[in-house]
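Structural description and commentary
One letter stands for each residue in the lines below.
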Amino acid sequence: AEPGKEIKYLNQTVQDTLAYAQTMKGAYVKMIIPGLEQLRDEVPLGINKARLLLPVYVNDHDFPEENLPEYVYARRDSAGIKYIISDYQMQVGSGSGVTMADGSYDKVDNTYTINISNFVQRYLEGEISEPEIELFIPELGFNNLILRTGEGSAGIKFELVYTDMK
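All of the points below concern the structure found in this document. Source: prediction; values computed, not measured. (Residues numbered from 1 in each chain as written. Predicted model: local features only at pLDDT ≥ 70, side-chain atom pairs only at ≥ 80, totals over all residues. Heavy atoms only, no water.)

**Re unusual backbone geometry**
For Ala-79, which is not a glycine, the phi torsion comes out positive at approximately 55°. Ala-79 gets classed as exposed once you look at its relative accessible area, which sits at 82%. At Asn-110, a position not held by glycine, the phi torsion is positive, near 55°. (Buried < 20%, exposed > 50% of the residue type's maximum accessible area, 1.4 Å probe, protein only.)

**Considering the sheet that holds strand S9 (residues 111–115)**
Across a sheet, strands are paired by hydrogen bonds formed along the backbone, either parallel or antiparallel in direction. What the four strands build is an open sheet, ordered S8-S9-S3-S12; its pairing is antiparallel. Both edges of this open sheet fall to strand S8 (102–106) and strand S12 (157–164), since each of them pairs with a single strand only. Here the strands of the sheet are splayed against their neighbours by 15° on average, with no regard to which way each runs. In the sheet, strand S3 (residues 45–55) pairs with S9 via five bridges, with the strands oriented antiparallel. (Pairing = 2+ DSSP bridges. Helix = DSSP H or I, 4+ residues; strand = E, 2+ residues; numbered from the N terminus. Axes fitted to C-alpha atoms, helices over the stretch in contact; angles between N-to-C directions.)

**Quick notes on the pattern of salt bridges**
For side chains of opposite charge, pairing can occur when their charged atoms come near one another. Counted under the stated rule, the structure contains eight salt bridges. When the shortest N-O distance is used, the salt bridge between Lys-49 and Glu-159 registers 3.6 Å. Note that Lys-49 is positioned in strand S3 and Glu-159 in strand S12, a separation of 110 residues in sequence. Notably, a salt bridge pairs Glu-134 with Arg-75, separated by 2.7 Å at the nearest N-O pair. With Glu-134 in strand S10 (residues 132–136) and Arg-75 in strand S4 (residues 73–78), this pair connects stretches of sequence that are 59 residues apart. The residues Glu-134 and Arg-75 share a single accessibility class, namely buried. (Salt bridge = Lys/Arg side-chain N within 4 Å of Asp/Glu carboxyl O.)

**Regarding the side chain of Asn-115**
Relative to the elements of secondary structure, Asn-115 occurs in strand S9. Side-chain polar atoms of Asn-115 contact the side chain of Ser-117, separated by 2.8 Å. (Polar contact = N/O pair within 3.5 Å; in protein donor to acceptor, adjacent residues only side chain to side chain.)

Below you can see the structure in the form of structure tokens.
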């Protein structure tokens, strides 16, 4: 939006239970990962695993599972330039074709899982200034997405496993 016409309250910290993402350069979800700032003081740390578990809102009537996008991607914004977070493409085994935490949908758990280990490592080492990411849907589809963001078992989870290198 043009300066002065943007909706300011959307970027304020507001606890909500759902987040909405659209294709075709529509709405995306901006996330600030809590607790990483304190870990910067503990460097050197080796990040073994860092991933986001994104539970999805579905129902049979208004928002059925078959309308979900195949993938959700993560990116970061640096001075207005959007960079795809590289580790969403990590694969298990050479040439196995099996991807791990690549942003695809898990029908059993009703979640998307995105690997952000490299992003977290680079943030802790000071290469990335803010622990903020944006979740978005590729523009090739026509599907939209509703994520459960509330606290407790239904909300987004951040899993982190690290080794203290001191």
